[in-house]
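These are the residues of each chain, in order.
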Amino acid sequence: MIESESGISEELVRDLLRDQHPDLAELPVRPVEGGWGNQMWRLGDELAVRMQRMDTSPEPQLKERRWLPTLAARLPLPIPVPVRAGAPSERFPKIWTVMTWVEGTPLDHGSITRGDHAADILAAFLKALHMEAPAEAPDASDRGGHPEEYTQGFENFLRDVDLGRFAAADIRAVWDDAVTAPAWQGPRVWVHGDLHPANVVVADGTLAGIVDFGNVFAGDPAWDLSAAWLLLPAGAAARFFDGYAQADEAAVRRARGLAAMKCLFLMLMGQSGDRGLPGGKSNWGPAGRSALDRVLKGL
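Residues numbered from 1 in each chain as written. Predicted model: local features only at pLDDT ≥ 70, side-chain atom pairs only at ≥ 80, totals over all residues. Heavy atoms only, no water.

- Looking at an unreviewed UniProt entry, one finds the chain named Aminoglycoside phosphotransferase family protein and attributed to Streptacidiphilus alkalitolerans.

Shown next as structure tokens:
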């Protein structure tokens, strides 16, 4: 989606700041490429404005406002922290949030060349994140359950995507193994819920930050452990799990199946982008295919 289609412009962003946060209104404003549920605008050097766009509910941003300041204090990688709240108005009827800017290049536009370092830092990040959540922490919504709950979605992705060199039977075998894995029996822990190449940033060949916590929930950490294949280069998943040291065999099986499903989603988004369809992301296709290759090869 391009700026004119979203209806969000630099002028609108600046006008909203003048109305609600005038002390920030004269900082430079420039668009940030990417985003779907929200449109990001860089604000000066240290801030960004997160504008609700395709998200039909304000809940993702409200969750970020409520929980990210608490989570950020214990995490070993930078994450965006809300610093100002923007309210719906006649000019813009949705919420928006001013957040700290996380410096780096999104992984779907960059690469990890220091695989061991990235595996170690991802393991440290998820160990720090996956702590028992308080009772009032949000439950999962459209994700977060056992893989068996998402079999229809998996089958839809498998049917619709152009698999190319991949065999459907190989992918389904990984999924079936995840479906038969025992469910999470531990406490509700904090889970990012949407770790894929567009939601992490890299610098100097390694992970430099984690962004977009709109899906954060308390539940099964396997949804984040899938990042071992989605984010890290070939051969790094085993090192990641050694460093994480909290995943039993069932969690790894669930995580690998969820990674396969997410790879199909990335490939489908790339396919839509190649065909010029709304919301498509051409650069997600190669990311999904390379990750699926890693999933099928295991650890």
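### Focus: the nonpolar core
Most often, soluble globular proteins have nonpolar side chains that are buried together.
Next, step 1: Phe125, Leu126, Ile171, Leu207, Trp229, Phe240 and Leu264 are the most contacted members of the largest nonpolar core, which totals 73 residues.
Next, step 2: Looking at this core element by element, the count peaks at 13 residues for helix α10 (residues 249-274).
Next, step 3: Formed by 16 residues, the second largest nonpolar core is a distinct cluster that contains Trp41, Leu47, Val49 and Val98. (Core = buried A, V, L, I, M, F, W, Y, C linked by side-chain atoms within 4.5 Å. Buried < 20%, exposed > 50% of the residue type's maximum accessible area, 1.4 Å probe, protein only. Helix = DSSP H or I, 4+ residues; strand = E, 2+ residues; numbered from the N terminus.)

### Quick word on the packing of aromatic side chains
Next, step 1: With the rule as written, the count across this model stands at 8 aromatic pairs.
Next, step 2: A centroid spacing of 4.6 Å and a plane angle of 5° characterise the contact between Phe154 and Trp175, whose relative ring orientation is stacked. Of the two residues, Phe154 sits in helix α5 (residues 151-160) while Trp175 sits in helix α6 (residues 168-179), which places them 21 residues apart along the sequence. Assigned by exposure class, Phe154 and Trp175 land together as buried.
Next, step 3: Seen in terms of ring centroids, Phe240 and Tyr244 are 5.8 Å apart; in terms of plane orientation they differ by 20°. Their pairing is stacked. One end of the pair is Phe240 and the other is Tyr244, both in helix α9 (residues 237-244) and 4 residues apart, which spans about a single turn. (Phe/Tyr/Trp six-rings, centres within 6.5 Å; stacked < 30°, edge-to-face > 60°.)

### A few points about the pattern of salt bridges
Oppositely charged side chains can pair when the atoms bearing their charge come close.
Next, step 1: Tallied over the full model, the rule gives 18 salt bridges.
Next, step 2: Of the charged contacts, one joins Asp15 and Arg18 as a salt bridge, the two residues approaching to 3.0 Å between their closest N and O atoms. Of this pair, Asp15 and Arg18 are both found in helix α2 (residues 10-20), 3 residues apart, which corresponds to roughly one turn of the helix.
Next, step 3: Note that Asp177 and Arg253 form a salt bridge whose closest N and O atoms lie 3.2 Å from each other. With Asp177 in helix α6 and Arg253 in helix α10, this pair connects stretches of sequence that are 76 residues apart.
Next, step 4: Among the charged side chains, a salt-bridge network with shared partners connects Asp15, Arg18, Glu26 and Arg91. (Salt bridge = Lys/Arg side-chain N within 4 Å of Asp/Glu carboxyl O.)

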